[in-house]
Amino acid sequence: MTMFGIHASHEQIHPADLLRAVVRAEEAGFDAAMSSDHFSPWSSRQGQSGFAWAWLGAALQATSLPLGVVNAPGQRYHPAIIAQAIGTLAAMYPGRFWAALGTGEASNEHITGQGWPRKEIRTARLRECVDVIRALLDGEQVSHDGLVTVDRARLWTRPEQPPALVGAAVSESTARWCAEWADGLITVNAPLPRLRRMIDAYREAGGRGRLALQVHLSWAPDRDEAARIAYEQWRSNVFEPPVCWDLELTDHFDTVSAVVAPDRVAEVVNISADLGRHAQWLREYVELGFDEIYLHHVGQEQDAFIDAFGAKVLPELKATGAVVAATGDRRG
């Protein structure tokens, strides 16, 4: 059965409020949680950016949910430090923690002053980081000289079973590349044919493990209010790569998004006041073959969304999933 989780968006919500939200989500029937890992929000309107790794320990302690994070090692984070963070959380909370690894965005990484490498260099750097992190989690002493440098690093605290390292991708080519090394794939909602192509690219290249999807959505009892929330909070996030990769400051995102039309936001956020419509969208993702779906209500107020989806949407989806599991009639 598909697992339905909540996404904790640090760039939008104070970490104390996010902690309360994941506790509430577990009580409401959500199965899991995942976390962003930003130094900067996408827009000054979002206005937060707590340190994810401090928050992750608190969230794992406060709930019994499995929990993951999307991280970009190699510039802002040295891979040995990320390996240590992953190893510590996985040792403290066995079987509950995973990390997705990606190449990152300049908005978070430019702070080091190193300059923002070309995409092919970022990809090669991430591959080196993956190898370093895996070796450290396996108990090896690691030295490495390349796009990242490691000198005789060893993890002294490790989990008995290394956690999954998941590939983060938004394109077919990246999904295919992730199949070389990842224990699973995570992406974001997009038109169904595009998602199908990404899944096929990953699986046909030999990709293993679970498929996860982060779904941006906006719900309110009134459709106009749901649209207002999405436009106010998420219009800076409508841009395809390389724009979203290469802009550095919230001022840049706010400037380029000043002329974004509300209809454009609806292309990347599922907007509706109808809980049944949200359930229908989610069923379509399940039918594609996603094993984990993380719901990101793009508003800063989370309680009403958590309560409504916990009461109405998740029970319907889980009941449908139980029938599908019993009959084996799952498409994808």
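Each residue is numbered by its place in its chain's sequence as written, counting from 1. For this predicted model, a pLDDT threshold of at least 70 governs which residues receive local features, and a threshold of 80 or more governs which side-chain atom pairs are given and counted, while totals over whole chains, interfaces and linings are taken from all residues. For the side-chain quantities, the full set of heavy atoms in the structure was used; hydrogens and water were omitted.

Chemist: How should the overall build of the chain be read in this particular structure?
Modeler: Counting its secondary structure elements, the chain contains 13 helices and eleven strands. For the chain, the C-alpha radius of gyration of 19 Å lies close to 20 Å, the compact-globule estimate for 332 residues. Taken over the C-alpha atoms alone, the chain extends approximately 55 × 50 × 40 Å along its principal axes. Partly exposed describes any residue whose relative accessible area lies between the buried limit of under 20% and the exposed limit of over 50%, with all areas from a 1.4 Å probe on protein chains only and scaled to the type maximum. Here the chain holds 332 residues, and the buried ones make up 53% of them. Counting from the N terminus, the helices are the DSSP runs of H or I reaching at least four residues and the strands are the DSSP runs of E reaching at least two. Atoms counted for the radius of gyration: C-alpha only. Globule rule: 2.2 Å times the number of residues to the power 0.38.

Chemist: How should I be thinking about unusual backbone geometry in this particular structure?
Modeler: Excluding glycine, residues mostly carry a negative phi; peptide bonds, for their part, are mostly trans. Note the cis peptide between Pro241 and Pro242, where omega equals 10°. As for its placement among the helices and strands, Pro242 is situated in the loop between helix H8 (223–234) and helix H9 (243–246). Although it is not a glycine, Arg152 sits at a positive phi angle of roughly 50°. In this structure, Arg152 sits in strand E6 (residues 149–153).

Chemist: Which parts of the structure should I look at to understand the packing of aromatic side chains?
Modeler: The relation between two aromatic rings is expressed through the spacing of the ring centres and the mutual angle of the planes. The aromatic pairing rule takes the rings of Phe, Tyr and Trp, using the six-membered ring of Trp, and pairs them if the centres are within 6.5 Å, calling planes under 30 degrees apart stacked, those over 60 edge-to-face and the rest tilted. What the rule picks out here adds up to seven aromatic pairs. Centroid distance Trp42 to Phe253: 5.4 Å. Interplanar angle 85°. Geometry classified as edge-to-face. One end of the pair, Trp42, is in the loop between strand E2 (32–35) and helix H2 (52–62); the other, Phe253, is in helix H10 (residues 250–256), with 211 residues separating them in the sequence. In this pair, the class of Trp42 matches that of Phe253, namely buried. The rings of Phe30, Trp219, Phe305 and Phe309 are connected pair by pair, giving a single aromatic cluster.

Chemist: Explain the environment of Arg194 to me, please; I cannot follow it from the model alone.
Modeler: Secondary-structure assignment places Arg194 in helix H7 (residues 192–204). As for Arg194 and Gln302, which are separated by 108 residues in sequence, their C-alpha atoms are 29 Å apart.

Chemist: Help me understand the nonpolar core in this model?
Modeler: Nonpolar side chains tend to gather and get buried jointly when the protein is soluble and globular. Trp53, Leu295 and Phe309 are the most contacted members of the largest nonpolar core, which totals 77 residues. Apart from residues lying up to four places away in sequence, Leu295 is in contact with Gly5, Ile6, His7, Phe30, Val215, Leu217, Leu282, Phe305, Phe309 and Leu314. Counting residues in hydrophobic clusters, the runner-up holds 15 residues, among them Ala230, Trp234, Phe253 and Val260. In this text, buried Ala, Val, Leu, Ile, Met, Phe, Trp, Tyr and Cys residues form a nonpolar core when linked through side-chain atoms within 4.5 Å. Any two residues whose heavy atoms approach within 4.5 Å at even a single point are treated as in contact.

Chemist: Please explain the packing of helix H1 (residues 15–28) against H2 as it appears in this structure.
Modeler: Two packed helices can be described by the angle between their axes and the distance between those axes. Lines fitted to C-alpha atoms define the axes, with helix axes restricted to the stretch in contact, and inter-axis angles between N-to-C directions lie between 0 and 180 degrees. For the pair H1 and H2, the least separation of the axes is 10 Å and the interaxial angle reads 30°. By the angle between their axes, H1 is roughly parallel relative to H2. In this structure, H1 crosses over H2, and the sense of that crossing is right-handed. For the pair H1 and H2, the contacting residues are Pro15, Leu18, Leu19, Val22 and Val23 in the first and Trp55, Ala58, Ala59 and Ala62 in the second. Residue polarity is assigned by list, with Asp, Glu, Lys and Arg as charged and Ala, Val, Leu, Ile, Met, Phe, Trp, Tyr, Cys and Pro as nonpolar; anything else, Gly included, falls into the polar class. Residues belonging to the contact of H1 with H2 are distributed by class as follows: nine nonpolar, no polar and no charged. Roughly parallel means an angle under 35 degrees; roughly antiparallel, over 145; roughly perpendicular, 65 to 115; everything else is oblique. For a crossing to be left-handed, the near helix must be turned anticlockwise from the far one by less than a right angle; the clockwise case is right-handed.

Chemist: Is there a simple way to explain the pattern of salt bridges in this structure?
Modeler: Between side chains of opposite charge, a pair can form as their charged atoms come close. Salt bridges, as used here, are contacts in which a Lys or Arg side-chain nitrogen is within 4 Å of a carboxyl oxygen on Asp or Glu. This model, assessed by the stated rule, comprises 19 salt bridges. Glu292 is the partner of Arg210 in a salt bridge, and the nearest nitrogen-oxygen pair spans 2.8 Å. With Arg210 in strand E9 (residues 210–218) and Glu292 in strand E11 (residues 292–297), the pair connects residues that are 82 residues apart, well separated along the chain. When its relative accessible area of 10% is taken as the criterion, Glu292 is described as buried.

Chemist: Would you mind showing me how to read the environment of Glu140 here?
Modeler: Mapped onto the elements, Glu140 comes out in the loop between helix H5 (119–137) and strand E5 (142–145). When its relative accessible area of 43% is taken as the criterion, Glu140 is described as partly exposed. For Glu140 and Leu155, which are 15 residues apart along the polypeptide, the C-alpha to C-alpha distance reads 7.9 Å. Beyond its immediate stretch of four places on either side in the chain, Glu140 contacts Ala135, Ala153 and Arg154.

Chemist: Can you walk me through the state of the cysteines in this structure?
Modeler: Working definition of a disulfide: a covalent bond connecting the sulfur atoms of two cysteines. The disulfide definition used here is simple: a pair of cysteine sulfur atoms within 2.5 Å. Across all of its chains, the model carries zero disulfides by this definition. Left without a disulfide partner, Cys244 is nearest to the cysteine sulfur of Cys178, which lies 15 Å away. Since its relative accessible area comes to 15%, Cys244 is described here as buried.

Chemist: Can you walk me through the pairing of strand E8 (residues 184–188) in this structure?
Modeler: The side chains of a regular strand alternate, residue by residue, between the two faces of the sheet. In terms of residue burial, E8 counts as a mostly covered element, since four of its five residues are buried. With two bridges joining them, strand E7 (residues 165–168) and E8 adopt parallel strand pairing. Of the residues in E8, the one forming a bridge with Gly167 is Leu185. Note on handedness: a crossover is taken as right-handed if, strands pointing away from the viewer, the path from the first strand over the helix to the second is clockwise. After leaving E7, the chain enters helix H6 (residues 172–178) and then returns to the sheet as E8, a path that is right-handed. Two strands are said to pair when DSSP picks up at least two bridges between them.

Chemist: Would you mind going over the packing of H2 against helix H3 (residues 79–92) with me for this structure?
Modeler: Where H2 meets H3, the closest approach of the two axes is 11 Å, and the angle between their N-to-C directions is 10°. The orientation of H2 relative to H3 falls into the category roughly parallel. Packed against H2, whose contacting residues are Trp53, Leu56, Gly57 and Leu60, the element H3 presents Ile82, Ala85, Ile86 and Leu89 at the interface.

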